[in-house]
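Below, each chain spelled out in residue letters.
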Amino acid sequence: MAAYLIKIAQYWLRFIKHEFYFKLNAWTISALVIGLVLFLPMAEVVWHLTMPAESWEHLRDTVLGQYIKGSLILVVGTAALSIFLGVSSAWLVASCKFPGRKFFEWILILPLAIPTYIAAYSYFDLLDKLNPFLIWIRLNISTEAMALVSDAIVYPVTIIVLASVLYPYVYLVARAAFIQQSNQCIEAARTLGHGPHSTFWRTALPLARPAIIGGVSLVIMETLNDYGAVKHFNIPTFTTGIFRTWLSIGDLPGALRLAACLMVLILFLLILEKWLRFGAKFHNNSKSDRPFKPYELGQIKSFLAILCCLFPIIIGFILPISRLAYWASQTIENVIDSNFLILTANSIAIATAASLITVLLAIFLTFTSRYFGSRTINATNRLAILGYAVPGAVIAIGILLLAKQVNQAIGWIMTGSLSMLVLAYVVRFLAVAWQPIDSGMERNCEQINNASRSLGVTAIRSLTKINIPMLRNALVAAGLFVFVDTMKELPLTLILRPFNFETLSTKTFDLAQQAQIPESAVPALCIIIVSLLPLIWLNFQIRNTEK
Amino acid sequence: MNVLTLKNITKSYNSNEPPALNDLSFNCQSSEVIALIGGSGSGKTTLLRIIAGLEAPDYGEVILNNDTLNSSTVFVTPEKRDCGLVFQDYALFPNRTVRQNIIFGKGAMDDPSWINELINMTGIAGLEKRFPHELSGGQQQRVALVRALATRPLLLLLDEPLSHLDPELKESVRTELLKLFRETKTTVVFVSHDIEDATAMADRMVVMHKGKAEQIGTSNEIYKNPMNKNVARLFGKTNFIPIKLIPNAPYSFTEKESNEKLVPVRPHQWRVINDPTTDLPTFNGKVKSVINQVSHKEVEFETSQLNITLHLPTNQSVQADSKLTIAYNAEL
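So, a few notes on the structure that sits alongside this text. The structure displayed is predicted, hence computed values, not measured ones.

Conventions and cut-offs
- Residues numbered from 1 in each chain as written.
- Chains lettered and ligands numbered in written order.
- Predicted model: local features only at pLDDT ≥ 70, side-chain atom pairs only at ≥ 80, totals over all residues.
- Heavy atoms only, no water.
- Buried < 20%, exposed > 50% of the residue type's maximum accessible area, 1.4 Å probe, protein only.
- Helix = DSSP H or I, 4+ residues; strand = E, 2+ residues; numbered from the N terminus.
- 1 Å grid on protein atoms, 1.4 Å probe; cavity = no way out; pocket = protein on both sides within 12 Å on 5 of 7 lines; lining within 4 Å.
- Points joined across faces, edges and corners; volume = space filled by probe spheres on them.
- Nonpolar A, V, L, I, M, F, W, Y, C, P; charged D, E, K, R; others polar.
- Salt bridge = Lys/Arg side-chain N within 4 Å of Asp/Glu carboxyl O.
- Phe/Tyr/Trp six-rings, centres within 6.5 Å; stacked < 30°, edge-to-face > 60°.
- Lys NZ or Arg CZ within 6 Å of the ring centre and 35° of its normal.
- Core = buried A, V, L, I, M, F, W, Y, C linked by side-chain atoms within 4.5 Å.
- Contact = heavy atoms within 4.5 Å.
- Arc of directions from axis to C-beta.
- Pairing = 2+ DSSP bridges.
- Buried area = accessible area lost by both parts, 1.4 Å probe.
- Polar contact = N/O pair within 3.5 Å; in protein donor to acceptor, adjacent residues only side chain to side chain.

1. A short note on helix 12 (residues 238-248) of chain A
All names here are of chain A. Burial runs high along helix 12: eight of the eleven residues are buried. Along helix 12, the positions that sit buried rather than exposed are Phe238, Thr239, Thr240, Gly241, Ile242, Phe243, Thr245 and Trp246. One or two residues past the end of helix 12 sits glycine 250, with phi positive at roughly 75°.

2. Section: empty space enclosed by the protein
Residue and element names in this part refer to chain A. This model, assessed by the stated rule, comprises four cavities of 30 Å³ or more. When its volume is computed, the largest cavity comes out at roughly 260 Å³. Around the largest cavity, the lining comprises 20 residues; the ones closest to its centre are Pro115, Thr116, Glu222, Asn225 and Lys488. Looking at the lining of the largest cavity, the elements that each hand over two or more residues are helix 6 (116-122), helix 8 (143-180), helix 10 (196-225), helix 18 (418-444) and helix 21 (472-488). Within the lining of the largest cavity, the residues separate by chemical class into eleven nonpolar, three polar and six charged. Secondary structure elements with two or more residues in the lining of the second largest cavity: helix 1 (2-22), helix 2 (26-47) and helix 16 (375-384). Considering every element that reaches the lining of the second largest cavity, the biggest residue donor is helix 2, with three residues.

3. Thoughts on the pattern of salt bridges
Residues and elements named next belong to chain A. Applying the stated rule across the entire model yields 22 salt bridges over all chains. With its nearest N and O atoms 3.3 Å apart, the salt bridge here joins arginine 370 to glutamate 446. Of this pair, arginine 370 sits in helix 15 (residues 338-371) while glutamate 446 sits in helix 19 (residues 446-454), placing them 76 residues apart in sequence. Since its relative accessible area comes to 22%, arginine 370 is described here as partly exposed. A single salt-bridge network, built from bridges that share partners, covers Arg370, Asp438, Glu442 and Glu446.

4. A closer look at the packing of aromatic side chains
As enumerated under the stated definition, the model contains 25 aromatic pairs over all chains in all. Ring centres of A:Phe178 and A:Phe200 lie 6.2 Å apart, and the angle between their planes is 55°; this geometry places the pair in the tilted category. Of this pair, A:Phe178 sits in helix 8 while A:Phe200 sits in helix 10, and the two are 22 residues apart along the sequence. Here the aromatic cluster, defined as three or more aromatic residues joined through ring pairs, consists of A:Trp27, A:Phe364, A:Phe367, A:Tyr371 and A:Phe372. The positively charged end of A:Arg453 is found above the aromatic ring belonging to A:Tyr371, 4.8 Å away from the centroid. Between the NZ or CZ atom of B:Arg152 and the centre of the ring of B:Trp114, over which it lies, the distance is 4.1 Å.

5. Some thoughts on the nonpolar core
Membership of the largest hydrophobic core comes to 202 residues, with the highest contact counts inside it found for A:Phe178, B:Leu36 and B:Leu47. A per-element tally of this core places helix 8 of chain A first, with 16 residues. Apart from residues lying up to four places away in sequence, B:Leu47 is in contact with B:Leu6, B:Ile9, B:Leu21, B:Leu24, B:Phe26, B:Leu36 and B:Met208. In this structure, B:Ala108, B:Leu127, B:Leu158 and B:Leu180 belong to the second largest nonpolar core, which totals 43 residues.

6. Remarks on the layout of surface pockets
Empty space within the second largest pocket amounts to approximately 880 Å³. As for the second largest pocket, its lining consists of 36 residues, of which A:Lys23, A:Phe372, A:Gly373, A:Ser374 and B:Leu54 are closest to the centre. Taken together, the elements giving at least two residues each to the lining of the second largest pocket come down to helix 1, helix 15, helix 16, helix 18 and helix 19 of chain A. If one sorts the elements of the lining of the second largest pocket by residue count, helix 1 of chain A sits on top with six residues. Residue composition of the lining of the second largest pocket, grouped by class: eleven nonpolar, twelve polar and 13 charged.

7. Comments concerning helix 3 (residues 112-122) of chain B
Residues and elements named next belong to chain B. Within helix 3, burial applies to Trp114, Ile115, Leu118, Ile119 and Thr122. The arc that holds the buried residues of helix 3, viewed along the axis, is 140°, so those residues lie on one side. Along its buried surface, helix 3 packs onto helix 2 (98-102), helix 4 (137-150) and helix 5 (167-184). Immediately beyond the C-terminal end of helix 3, within one or two residues, lies glycine 123, with a positive phi of roughly 70°.

8. Let's talk about the pairing of strand 18 (residues 323-328) of chain B
Residues and elements named next belong to chain B. Note that strand 14 (residues 270-272) and strand 18 share three bridges and pair antiparallel. Bridged to tryptophan 270 within strand 18 is tyrosine 328. Pairing geometry for strand 15 (residues 282-292) and strand 18, over five bridges, is antiparallel. Bridge pairing in strand 18 links phenylalanine 283 to isoleucine 326.

9. Observations concerning the interface of chain B and chain A
Tallying the contact residues gives 34 residues for chain B and 25 residues for chain A. The junction of chain B with chain A conceals about 2,600 Å² of combined surface from both sides, 58% of it contributed by carbon and sulfur atoms. Area buried by chain B at its contact with chain A is led by B:Ser15, B:Glu79 and B:Phe104, which between them contribute 23% of it. For the pair chain B and chain A, the interface holds two salt bridges. In this structure, B:Glu79 and A:Arg453 form a salt bridge, with 2.8 Å as the shortest nitrogen-oxygen distance. Counting the contacts that link chain B with chain A gives nine residue pairs in polar contact (both at pLDDT 80 or more). Of all the secondary-structure elements, those providing two or more residues to the side of chain B that touches chain A are strand 6 (83-86) and helix 4 of chain B. Sorting elements by how many residues they give to the side of chain B that touches chain A places strand 6 of chain B first, with three residues.

Remember, this is a structural readout, not a statement about activity or role.
Structure follows, in structure tokens:
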């Protein structure tokens, strides 16, 4: 036992010596500081749990149960429906031959351009049509019965609305997983007597499971982050609870406790995701493998496949877009004015600034971690990218707490400034830029960075002459994704924006809150159009890669 | 003069597993070519990466030209070591032309005539404006070599330099490499799993097994006097005959596990004996099987105590289940 403990102690001493003595330089120190600073807002939320919260017991006894119930129903329902829509359409376009398959292949990702709150507004009158029926129940049965029926309707509708625009997260990864699957495995299943149906359930789906879990986890994070849609449908969730407790009741400690509960829930989900994907090597990159040969579908099956692919596009893209376009054509003259141009410029300017800074930080952090082989920087990077898993409302609270402390320490007033808003976007979306850059660097730059080090070249020369030119596509993709996410972001912008600073997303929300949903269609459409451009670019990139 | 000295290099990746390198030491003289040879998992690439500075050892010292590069308190980063490294898959920068690749290293532009000389020596003149993907495997390898040599490193490290080449090309590249090393008076440490490559190119070889240097010496020394079964088997099939059966054998080693003295006998060191009065040690037994090879017949032979593999000339008539007397001839 003593020998074992000595061995462990020696291991850690060596680790500390290598990490904090041998690998210490300006790059690693800067990366360490940046990584920790970007994690600070999340740490602030957890740290402030020690603050007394007088109303916590009241919150716990009255609304906490509702928030948990609301969040869980939405998460489970949206995840299940997203899996159904995403996996079924992915399997059809990846493995079956039917008319329009190529067209569906890329059009199925378009709902991703529509933010959840805009999807909700586009269906705003759906529930209104049920009001006479609910009133009839209240008058003829009871108020409780009406509430019950109302819940029974509003939850499924919200789940359908959320899943209709979030399923592409599952679709994209599932399709890629099905395409990359070893043809030999599929052919082996077929020679063992399994038809398409059985091959899907017993071979293709289990092989694609890790990828699908990754996609579903994104759906869950987005569902938990949503504020606009759940507020619109009046569903109690953690995010609406945080807003209500803090901004309406003015109880910051209570809101912090709710935020911490949400973080615990997310942490649980992340651990669950890791556990479900642990140690799995479900793909085969054998170069000798021939490409997947799609199943030929007959006329009836082709018709059903087309219907199956059309359904998510209709509810997730065509219907919302056509309704928004109709309303926009009716209200455009009332909405477009000089103020609208200013808020459009605001949106573009702040999204550009956020994406540039985020991409620069992401490449610096990734490069430093990989180039110097520092496990400490890798760990702080992992902490820094946690922001994407944490809802915007929680990050906003963390940033405000951090700003308060900065103000107390050095007298710099960050609160209500654009720099604070940009910092919040960086914290929230660093992972979006980090993922493509890190995987690109792992795939393309690991060995050549070693080569450049052995040639005596400095780190900055390796970064600028080798890594950045080689990662050009990944950098563009990272920048575009952060740009679009910033344009769409709502809860964080609502809380942290400077006084009188409007963006397209806040304008859409404000107009919708004032029951001017037709008017909100114009800024909403602007967001969607901007979001569509990178999706089209991404689609071309995926096609080129597959070729 | 020692260019490279390794002292007690130890490296573990996981405290629960045996170390990847275990107390390994050797020296490398100026202009010497050393091969690190061993099976997969023997630690040869790890050792190469430690010398290059891409990994840090847990213990031990790396000294290059009297400068300590690794010790308990020193770690010189790869870019500050004077070691050129040629990777197994060459690691050429795909976004740079051949010439840009070659002059990328620190100080590579200080002596353009040296670069031109290297380019001419390796026969890649005329390819300078091409990108790596426009070159064949052999051309890529030469570019990687020139790139590494352009900075005039004290020590050149090569990771499996011939593993990507087909057998025909391999032989000519081996000769070219040796010529280049001799002409440039470069000190070289290279990794290989192929004993033929190591024998053809190296002045000395370090035979590695499970992170340890089992034997260091010239290929001839190691071939004739292997320290144990593993080392002997590197050179192909070997019979291990207890010394009591061949008391006059010129060499034997003691096997650690059984503490038994064994004589390594190569399959071609046997011959069929018709004359029972020979002075050579003889063995009587039965032929188990005969496999025809291009240059010889491989015979599995069984005595009352041993199973022996022997190679016989193709014109020698031998049948399965026939009885034979064979003799060991150390001179063969």
